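Each chain is listed here by its residues.
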Amino acid sequence: HNGMAADDLAKSPHMARIAGSVYPDINAQAFYLGKDGTPSKMMEESLLYRLHGWGLDEKIAPLQHFEEVYTTSHKMVRIYKVRDVSAESKAWRQQHGPGYPPALEEVLKTSKAFQQIHGL
């Protein structure tokens, strides 16, 4: 069921450490669940937290850009689709295939190669 010790939220601080090693504006130390299961402000605002808890936690606002299309009976798997993908995005993907669209260039410029981090 949702909230198991090895679920996505329990693993997400590790994902934040990886992201923080690639993007300097991500402070992995600020992304955590407290011992009582309370999320930090950064985690609470994250897409993963919102997708994980939407419909289960009344404090999470309705999702605007995602639609839940499948959930297992114990909520161990939840699948969403992106809503309202623009015609421009669809055309770019069809023409260029896999890869990042030009709108992400500025964000990607700030990245550096992934570094394995020990001791965080």
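Since we're looking at a predicted model, the values are computed, not measured. (Residues numbered from 1 in each chain as written. Predicted model: local features only at pLDDT ≥ 70, side-chain atom pairs only at ≥ 80, totals over all residues. Heavy atoms only, no water.)

1. Topic: a nonpolar patch on the surface
Next, step 1: Together, Val69, Tyr70, Met76, Val77 and Ile79 make up an exposed nonpolar region whose accessible area comes to about 470 Å².
Next, step 2: Secondary-structure assignment places Ile79 in strand S2 (residues 78–82).
Next, step 3: Looking at Ile79, the relative accessible area reads 41%, which means it is partly exposed. (Patch = residues over 30% accessible without salt bridge, like charges linked within 9 Å, V, L, I, M, F, W, Y side chains within 5 Å. Areas by Shrake-Rupley, 256 points an atom, 1.4 Å probe, with all protein chains shown as cover. Salt bridge = Lys/Arg side-chain N within 4 Å of Asp/Glu carboxyl O. Helix = DSSP H or I, 4+ residues; strand = E, 2+ residues; numbered from the N terminus. Buried < 20%, exposed > 50% of the residue type's maximum accessible area, 1.4 Å probe, protein only.)

2. Considerations on helix H1 (residues 8–22)
Next, step 1: Given a rise of 1.5 Å per residue, 15 residues ought to cover 21 Å, and the 20 Å separating the end C-alpha atoms of H1 matches this to within 8%.
Next, step 2: At His14, H1 is bent by approximately 25°, the largest bend along its length.
Next, step 3: Looking at H1, one finds that the buried residues are Leu9, Ser12, Pro13, Ala16, Ser21 and Val22.
Next, step 4: On its buried side, H1 packs onto helix H2 (41–44) and helix H3 (47–53). (Expected span 1.5 Å × (residues − 1). Bend = angle between axes of the 7 residues up to and from the residue. Contact = heavy atoms within 4.5 Å.)

3. Looking at the nonpolar core
Next, step 1: Ranked by size, the top nonpolar core spans seven residues in total: Leu9, Ala16, Ala28, Phe31, Met43, Tyr49 and Ile60.
Next, step 2: In this view, Met43 contacts Leu9, Ser12, Pro13, Ala30, Phe31, Tyr32, Leu33 and Tyr49; residues no more than four positions away in its chain are not counted. (Core = buried A, V, L, I, M, F, W, Y, C linked by side-chain atoms within 4.5 Å.)

4. Points about the confidence of the model for the chain
Next, step 1: Per-residue confidence for the chain gives a mean pLDDT of 87; residues scoring 70 or more make up 90%.
Next, step 2: Element-level mean pLDDT values for the chain span from 86 in H1 up to 96 in strand S1 (residues 66–71). (pLDDT = per-residue confidence, 0-100.)

5. As for the environment of Lys11
Next, step 1: Following the sequence through the fold, Lys11 ends up in helix H1.
Next, step 2: On a C-alpha basis, the gap between Lys11 and Ala91 in space is 35 Å, while along the polypeptide they are 80 residues apart.

6. Digging into the environment of Tyr49
Next, step 1: Considering the arrangement of structural elements, one finds Tyr49 in helix H3.
Next, step 2: Residues Tyr49 and Pro39, spaced ten residues apart in sequence, show a C-alpha to C-alpha distance of 8.6 Å.
Next, step 3: What Tyr49 contacts, discounting residues up to four positions off in sequence, is Leu9, Pro39, Met43, Glu44, Asp57 and Ile60.

7. Concerning unusual backbone geometry
Next, step 1: We note that Lys75 has phi near 60°; this positive angle belongs to a residue other than glycine.
Next, step 2: By secondary structure assignment, the location of Lys75 is in the loop between S1 and S2.
Next, step 3: If you check the backbone angles, Asp84 has positive phi at about 50° while not being a glycine.
Next, step 4: One can find Asp84 in the loop between S2 and helix H4 (87–96).

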